[in-house]
Amino acid sequence: AIAMAERLQSSLCQPYIVDGVEVNSSASIGITLSNQGYQTPDEVLRDADIAMYRAKSNGRAQHAMFDTALRAQVSDQVRLEFDLRTAIDTEQLSLAFQPIYDLVTGQVVAFEALARWQHPQRGAIAPSVFIAIAEESGLIGALTAYVLARACRQLKDWQTLNPAHRQMRVQINLSGLDLSQGSLAMQVATTLLANGLEAKQLTLEITESKLMTGLSTALDTLK
């Protein structure tokens with residue numbers, strides 16, 4: 001099966017001409033074997049598909065073998081995705097506020113709001129895990145909206161408690177996928193207005209590499 005996959009990939013990577021334009025293609029291939037105890041063709045295709053996505057995650061034009069541990073891993077990720085959706089909907093997530101100091105005065109001038117997830121059964125889930133799941137499952141928009149609303153509400157509460165905090169700022173992290181959503185700018189403006197905050201009191205951070213991969217779709221949102 002592996003030899004067949006390699007021959008297929010070798011053939012598919014050869015360039016060909018379409019309407020005078022040279023085109024290159026590749027394939028990610030998932031492989032499973034009949035000794036897994038399958039009862040129906042659907043079960044074979046399911047596990048080959050799981051292996052194919054493992055191959056895609058390893059880079060272009062790869063092949064991967066299925067094993068039962070891989071199925072368990074995918075099932076676990078599906079379960080976490082469901083739990084994350086529930087956590088966002090029921091406000092189970094929390095925010096950790098990391099202080100930012102002015103080095104000249106020694107005063108706290110801002111906070112970075114960082115999402116945290118304490119799973120009721122699994123304990124703390126690392127941000128690198130649940131944010132990746134949010135991006136892959138389409139939940140990142142809901143997660144960003146949650147963090148934005150909670151962070152702005154907390155900043156307003158601090159300002160209300162102590163007038164000395166009127167110029168305090170808060171910053172949140174955006175995913176590159178957030179910038180492809182046409183509603184982001186309106187969402188930010190609405191959240192600021194709802195909390196009586198000035199635009200200069202909110203900083204939006206994004207990883208440069210994430211921005212550059214989708215720059216064309218992000219320009220309207222940035223403007």
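Quantities reported herein were computed from a predicted structural model and do not represent experimental measurements. (Residues numbered from 1 in each chain as written. Predicted model: local features only at pLDDT ≥ 70, side-chain atom pairs only at ≥ 80, totals over all residues. Heavy atoms only, no water.)

**Considering the overall build of the chain**
Quick reminder of the rule: Working definition: helices are DSSP H or I runs of at least four residues, strands are E runs of at least two. Numbering for both runs from the N terminus. Atoms counted for the radius of gyration: C-alpha only. Globule rule: 2.2 Å times the number of residues to the power 0.38. Between buried and exposed lies partly exposed: a residue is buried under 20% and exposed over 50% of the maximum accessible area for its type, with that area taken using a 1.4 Å probe on protein chains only. The contact criterion used is simple: two residues touch if any of their non-hydrogen atoms lie within 4.5 Å. Accessible surface area values rest on a Shrake-Rupley calculation with a 1.4 Å probe, where residue burial reflects the displayed protein chains alone. Positive charges are assigned to Lys and Arg, negative charges to Asp and Glu, while His and the chain termini are left out of the count. Just so you know, the charge point we use is NZ for Lys, CZ for Arg, CG for Asp and CD for Glu.
A count of helices and strands for the chain gives eight helices and nine strands. Relative to a compact globule of 223 residues, whose C-alpha radius of gyration would be 17 Å, the chain shows 23 Å and is clearly more extended. Taking the principal axes of the C-alpha coordinates as reference, the chain spans close to 70 × 50 × 30 Å. Split into buried and exposed, the 223 residues of the chain put 30% on the buried side. For the chain, restricting intrachain contacts to residue pairs at least 6 apart in sequence, the fraction spanning at least 24 positions comes to 61%. Carbon and sulfur atoms make up 55% of the accessible area of the chain, which amounts to about 13800 Å² in all. With 18 positive and 23 negative side-chain charges, the chain shows a separation of 5 Å between the mean positions of the two kinds.

**Concerning the nonpolar core**
Applied cut-off: As used in this record, nonpolar core signifies buried Ala, Val, Leu, Ile, Met, Phe, Trp, Tyr and Cys residues forming a set joined through side-chain atoms within 4.5 Å.
If you look at the biggest cluster of nonpolar residues, it comprises 34 residues, and the most contacted ones within it are Leu-84, Leu-93, Trp-117 and Leu-143. Mapped onto this core, the elements with two or more residues apiece are α3 (68-89), β6 (108-119), α4 (127-137), α5 (140-161), β8 (169-174) and α6 (184-195). Tallying contributions element by element places α5 first for this core, with eight residues. Non-local contacts of Leu-84, meaning those with residues more than four positions away in its chain, are made with Leu-93, Trp-117, Phe-130, Ile-133, Ala-134 and Leu-139. If you look at the next biggest cluster of nonpolar residues, it comprises five residues, including Tyr-38, Ile-50, Ala-51 and Phe-66.

**Some points on the pairing of β8**
Note the threshold: Note on pairing: two strands pair once DSSP finds at least 2 bridges between them. When the strands point away from the viewer, a crossover counts as right-handed if the route from the first strand across the helix to the second turns clockwise.
Pairing of β6 with β8, which is carried by three bridges, proceeds in the parallel orientation. Counted as the bridge partner of Ala-110 is Arg-169 from β8. The β-α-β motif built from β8, the intervening α6 and the parallel element strand β9 (residues 202-206) has right-handed crossover chirality.

**Brief notes about the confidence of the model for the chain**
Put simply, the rule reads: Known as pLDDT, the predictor's per-residue confidence is scaled from 0 to 100.
On average, residues of the chain carry a pLDDT of 89, and 96% of them reach 70 or more. In the model of the chain, helix α7 (residues 208-213) stands out as the element of lowest mean pLDDT, 62, in contrast to strand β5 (residues 94-101), which has the highest, 96.

**Considerations on the packing of aromatic side chains**
Here is the rule we go by: The aromatic pairing rule takes the rings of Phe, Tyr and Trp, using the six-membered ring of Trp, and pairs them if the centres are within 6.5 Å, calling planes under 30 degrees apart stacked, those over 60 edge-to-face and the rest tilted.
Evaluated as defined, the whole model comprises four aromatic pairs. Arranged with centres 6.0 Å apart and planes meeting at 85°, the rings of Trp-117 and Phe-130 form a pair that is edge-to-face. Residue Trp-117 is located in strand β6, and its partner Phe-130 is located in helix α4; the two are separated by 13 residues in the primary sequence. Neither Trp-117 nor Phe-130 differs from the other in exposure class; each is buried. Joined through ring pairs, the aromatic side chains of Phe-97, Phe-111 and Trp-158 make up one cluster.

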